[in-house]
Amino acid sequence: FRSKYVQLRSQLGDELYEPALSVAMDFSTLSKTMKADVQSLAKTPAIKKAMGEARENALNRGIDINDPAGSLRGLHETKMALDDQINSVKAKLQRDGKTSSAELDGLKSAKDRLLGFIETVSPDYKKARETYAKLSKPVEQLETIQNVAKRSINPATDAIYPQQFARNLQALKNEGKLSPQQIARLERINEDLQSTVFANTAGRGVGSD
(Lines give C-alpha, C1' and ligand atoms only; values in the text may rest on other atoms or scores of the structure.)
Protein backbone atom coordinates (compact mmCIF):
# COMPACT_ATOMS: atom_id res chain seq x y z
CA PHE A 1 0.00 0.00 0.00
CA ARG A 2 2.81 2.41 0.87
CA SER A 3 4.47 2.15 -2.56
CA LYS A 4 1.09 2.74 -4.19
CA TYR A 5 0.54 5.97 -2.24
CA VAL A 6 4.14 7.13 -2.84
CA GLN A 7 3.76 6.66 -6.59
CA LEU A 8 0.39 8.44 -6.66
CA ARG A 9 1.72 11.32 -4.56
CA SER A 10 4.75 11.75 -6.81
CA GLN A 11 2.71 11.74 -9.99
CA LEU A 12 0.07 14.15 -8.75
CA GLY A 13 2.66 16.32 -7.02
CA ASP A 14 4.32 17.10 -10.34
CA GLU A 15 0.95 17.85 -11.92
CA LEU A 16 -0.05 20.14 -9.05
CA TYR A 17 3.13 22.18 -8.72
CA GLU A 18 4.03 22.59 -12.39
CA PRO A 19 1.22 25.04 -13.31
CA ALA A 20 2.20 27.32 -10.42
CA LEU A 21 5.92 27.07 -11.18
CA SER A 22 5.47 27.62 -14.92
CA VAL A 23 3.98 31.08 -14.38
CA ALA A 24 6.66 33.66 -15.16
CA MET A 25 7.08 35.96 -12.16
CA ASP A 26 9.28 39.02 -12.30
CA PHE A 27 10.73 39.34 -8.79
CA SER A 28 12.11 42.77 -9.70
CA THR A 29 8.53 44.08 -9.57
CA LEU A 30 8.02 42.99 -5.96
CA SER A 31 7.35 45.65 -3.38
CA LYS A 32 10.24 47.04 -1.38
CA THR A 33 9.09 45.12 1.68
CA MET A 34 8.83 41.83 -0.22
CA LYS A 35 12.29 42.32 -1.71
CA ALA A 36 13.68 42.90 1.77
CA ASP A 37 11.92 39.74 2.99
CA VAL A 38 13.42 37.49 0.32
CA GLN A 39 16.88 39.01 0.84
CA SER A 40 16.56 38.31 4.56
CA LEU A 41 15.54 34.72 3.84
CA ALA A 42 18.55 34.23 1.56
CA LYS A 43 20.85 35.28 4.43
CA THR A 44 19.36 32.73 6.86
CA PRO A 45 22.06 30.05 7.34
CA ALA A 46 19.80 27.03 6.74
CA ILE A 47 18.15 28.60 3.69
CA LYS A 48 21.48 29.83 2.29
CA LYS A 49 22.84 26.28 2.52
CA ALA A 50 19.64 24.86 0.98
CA MET A 51 19.90 27.32 -1.92
CA GLY A 52 23.33 25.98 -2.77
CA GLU A 53 22.03 22.42 -2.67
CA ALA A 54 18.96 23.45 -4.70
CA ARG A 55 21.12 24.92 -7.46
CA GLU A 56 23.20 21.74 -7.59
CA ASN A 57 20.17 19.42 -7.53
CA ALA A 58 18.52 21.38 -10.34
CA LEU A 59 21.68 21.34 -12.48
CA ASN A 60 21.88 17.57 -12.04
CA ARG A 61 18.42 17.41 -13.60
CA GLY A 62 19.40 19.73 -16.43
CA ILE A 63 17.73 22.83 -14.97
CA ASP A 64 19.68 26.04 -14.35
CA ILE A 65 17.86 28.11 -11.72
CA ASN A 66 20.79 30.56 -11.53
CA ASP A 67 19.75 32.67 -8.51
CA PRO A 68 17.42 30.54 -6.30
CA ALA A 69 16.20 33.68 -4.52
CA GLY A 70 15.16 35.29 -7.80
CA SER A 71 12.42 32.97 -9.00
CA LEU A 72 9.51 30.91 -7.74
CA ARG A 73 11.07 27.72 -9.10
CA GLY A 74 14.33 28.56 -7.36
CA LEU A 75 12.53 29.01 -4.04
CA HIS A 76 10.62 25.77 -4.59
CA GLU A 77 13.88 23.92 -5.22
CA THR A 78 15.23 25.50 -2.03
CA LYS A 79 12.19 24.29 -0.11
CA MET A 80 12.77 20.73 -1.37
CA ALA A 81 16.43 20.92 -0.32
CA LEU A 82 15.28 22.02 3.14
CA ASP A 83 12.92 19.03 3.20
CA ASP A 84 15.91 16.77 2.55
CA GLN A 85 17.83 18.38 5.42
CA ILE A 86 14.86 18.00 7.77
CA ASN A 87 14.34 14.35 6.83
CA SER A 88 18.04 13.64 7.35
CA VAL A 89 17.98 15.13 10.86
CA LYS A 90 14.76 13.27 11.70
CA ALA A 91 16.33 9.97 10.62
CA LYS A 92 19.36 10.60 12.85
CA LEU A 93 17.18 11.51 15.81
CA GLN A 94 15.13 8.37 15.27
CA ARG A 95 18.26 6.23 15.31
CA ASP A 96 19.24 7.90 18.58
CA GLY A 97 15.78 7.35 20.07
CA LYS A 98 14.96 11.07 20.13
CA THR A 99 12.12 13.08 18.62
CA SER A 100 13.39 16.67 18.54
CA SER A 101 16.48 18.86 18.67
CA ALA A 102 17.45 22.51 18.36
CA GLU A 103 18.76 21.79 14.85
CA LEU A 104 15.45 20.28 13.74
CA ASP A 105 13.47 23.16 15.25
CA GLY A 106 15.69 25.66 13.44
CA LEU A 107 15.27 23.94 10.08
CA LYS A 108 11.49 23.75 10.49
CA SER A 109 11.33 27.43 11.40
CA ALA A 110 13.39 28.37 8.34
CA LYS A 111 11.13 26.26 6.11
CA ASP A 112 7.99 27.86 7.57
CA ARG A 113 9.37 31.35 6.87
CA LEU A 114 10.29 30.37 3.32
CA LEU A 115 6.88 28.83 2.65
CA GLY A 116 5.18 31.91 4.08
CA PHE A 117 6.94 34.07 1.50
CA ILE A 118 6.35 31.70 -1.43
CA GLU A 119 2.66 31.34 -0.69
CA THR A 120 2.27 35.10 -0.35
CA VAL A 121 3.61 35.73 -3.86
CA SER A 122 1.84 32.66 -5.33
CA PRO A 123 -1.59 31.60 -4.02
CA ASP A 124 -1.57 28.84 -6.69
CA TYR A 125 1.54 27.38 -5.09
CA LYS A 126 -0.23 27.38 -1.72
CA LYS A 127 -3.15 25.40 -3.17
CA ALA A 128 -0.75 22.90 -4.73
CA ARG A 129 1.16 22.42 -1.48
CA GLU A 130 -2.00 21.95 0.61
CA THR A 131 -3.30 19.33 -1.82
CA TYR A 132 0.08 17.59 -1.84
CA ALA A 133 0.09 17.57 1.97
CA LYS A 134 -3.27 15.77 1.99
CA LEU A 135 -1.90 13.14 -0.40
CA SER A 136 1.17 12.75 1.80
CA LYS A 137 -0.72 11.92 4.98
CA PRO A 138 -1.38 8.23 4.18
CA VAL A 139 2.29 7.77 3.23
CA GLU A 140 3.49 9.40 6.44
CA GLN A 141 1.09 7.31 8.53
CA LEU A 142 2.27 4.05 6.94
CA GLU A 143 5.90 5.08 7.40
CA THR A 144 5.20 5.87 11.05
CA ILE A 145 3.67 2.43 11.63
CA GLN A 146 6.58 0.79 9.81
CA ASN A 147 9.09 2.62 12.00
CA VAL A 148 7.28 1.53 15.17
CA ALA A 149 7.49 -2.07 14.00
CA LYS A 150 11.22 -1.77 13.28
CA ARG A 151 11.94 -0.24 16.70
CA SER A 152 10.01 -3.01 18.44
CA ILE A 153 11.72 -5.98 16.80
CA ASN A 154 15.10 -7.58 17.47
CA PRO A 155 16.79 -7.44 14.02
CA ALA A 156 18.86 -10.54 14.79
CA THR A 157 16.01 -12.84 15.82
CA ASP A 158 12.87 -11.03 14.53
CA ALA A 159 11.49 -11.38 18.06
CA ILE A 160 9.06 -8.66 19.16
CA TYR A 161 9.78 -6.72 22.36
CA PRO A 162 6.26 -6.33 23.86
CA GLN A 163 7.19 -3.59 26.34
CA GLN A 164 9.05 -1.62 23.68
CA PHE A 165 6.04 -1.92 21.38
CA ALA A 166 3.78 -0.65 24.18
CA ARG A 167 6.04 2.36 24.78
CA ASN A 168 6.23 3.16 21.08
CA LEU A 169 2.45 2.89 20.79
CA GLN A 170 1.96 5.33 23.66
CA ALA A 171 4.34 7.79 22.01
CA LEU A 172 2.33 7.51 18.79
CA LYS A 173 -0.91 8.21 20.60
CA ASN A 174 0.63 11.31 22.15
CA GLU A 175 1.82 12.57 18.75
CA GLY A 176 -1.67 12.23 17.22
CA LYS A 177 -0.37 11.41 13.73
CA LEU A 178 -2.44 8.26 13.17
CA SER A 179 -6.16 7.89 12.66
CA PRO A 180 -8.36 6.43 15.47
CA GLN A 181 -8.82 3.27 13.36
CA GLN A 182 -5.05 2.81 12.98
CA ILE A 183 -4.48 3.33 16.69
CA ALA A 184 -7.25 0.82 17.49
CA ARG A 185 -5.58 -1.84 15.32
CA LEU A 186 -2.22 -1.25 16.98
CA GLU A 187 -3.86 -1.42 20.42
CA ARG A 188 -5.33 -4.83 19.56
CA ILE A 189 -1.86 -6.04 18.57
CA ASN A 190 -0.50 -4.65 21.83
CA GLU A 191 -3.20 -6.45 23.82
CA ASP A 192 -2.29 -9.73 22.13
CA LEU A 193 1.40 -9.20 22.87
CA GLN A 194 0.78 -8.38 26.53
CA SER A 195 -1.52 -11.42 26.88
CA THR A 196 1.23 -13.63 25.50
CA VAL A 197 3.73 -12.18 27.98
CA PHE A 198 1.32 -12.82 30.86
CA ALA A 199 0.66 -16.38 29.72
CA ASN A 200 4.38 -17.10 29.45
CA THR A 201 5.28 -15.65 32.85
CA ALA A 202 2.20 -16.47 34.99
CA GLY A 203 3.02 -18.63 37.98
CA ARG A 204 6.72 -17.95 37.98
CA GLY A 205 8.27 -17.14 41.30
CA VAL A 206 10.56 -14.25 42.02
CA GLY A 207 13.87 -14.84 40.32
CA SER A 208 12.56 -17.60 38.03
CA ASP A 209 13.69 -17.78 34.43
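Provided above is the structure to which this section pertains.
Computed from a predicted model, the values in this text were never measured in an experiment.

**Describing helix 2 (residues 32-43)**
Because an α-helix packs 3.6 residues into every turn, residues spaced three or four apart end up facing the same way.
Alright, step 1. Across its 12 residues, helix 2 extends 17 Å between first and last C-alpha, which sits within 8% of the 16 Å expected from 1.5 Å per residue.
Alright, step 2. Contact partners of the buried residues in helix 2: helix 3 (45-60), helix 4 (72-95) and helix 5 (102-121).

**A look at the environment of Lys-111**
Alright, step 1. Mapped onto the elements, Lys-111 comes out in helix 5.
Alright, step 2. Considering only alpha carbons, one finds Lys-111 and Ala-46, 65 residues apart in sequence, at a separation of 8.7 Å.
Alright, step 3. A polar side-chain atom of Lys-111 sits 2.7 Å from a polar atom in the side chain of Asp-83.

**Re the packing of aromatic side chains**
Alright, step 1. Using the criterion set out here, one finds 3 aromatic pairs in the structure.
Alright, step 2. Between the aromatic rings of Tyr-17 and Tyr-125, the centroid separation amounts to 5.1 Å while the plane-to-plane angle is 50°, which identifies the pairing as tilted. Of the two residues, Tyr-17 sits in helix 1 (residues 2-22) while Tyr-125 sits in helix 6 (residues 123-151), which places them 108 residues apart along the sequence.
Alright, step 3. Its relative accessible area of 7% is what places Tyr-17 among the buried residues.

**So, the nonpolar core**
The nonpolar side chains of a soluble globular protein tend to be buried with one another.
Alright, step 1. The biggest cluster of nonpolar side chains holds 33 residues, and the ones touching the most others in it are Ile-47, Leu-75, Leu-82, Leu-114, Phe-117 and Tyr-125.
Alright, step 2. For this core, the secondary-structure elements that each account for two or more residues are helix 1, helix 2, helix 3, helix 4, helix 5 and helix 6.
Alright, step 3. Here the element with the most residues in this core is helix 5; it accounts for 8 residues.
Alright, step 4. Sequence-distant contacts of Ile-47, defined by excluding residues within four places in its chain, comprise Leu-41, Thr-78, Leu-82, Ala-110 and Leu-114.
Alright, step 5. In terms of nonpolar packing, the next biggest core, distinct from the first, is built from 8 residues, Val-148, Leu-169, Leu-178 and Ile-183 among them.

Parameters and conventions
- Residues numbered from 1 in each chain as written.
- Predicted model: local features only at pLDDT ≥ 70, side-chain atom pairs only at ≥ 80, totals over all residues.
- Heavy atoms only, no water.
- Helix = DSSP H or I, 4+ residues; strand = E, 2+ residues; numbered from the N terminus.
- Expected span 1.5 Å × (residues − 1).
- Contact = heavy atoms within 4.5 Å.
- Polar contact = N/O pair within 3.5 Å; in protein donor to acceptor, adjacent residues only side chain to side chain.
- Phe/Tyr/Trp six-rings, centres within 6.5 Å; stacked < 30°, edge-to-face > 60°.
- Buried < 20%, exposed > 50% of the residue type's maximum accessible area, 1.4 Å probe, protein only.
- Core = buried A, V, L, I, M, F, W, Y, C linked by side-chain atoms within 4.5 Å.

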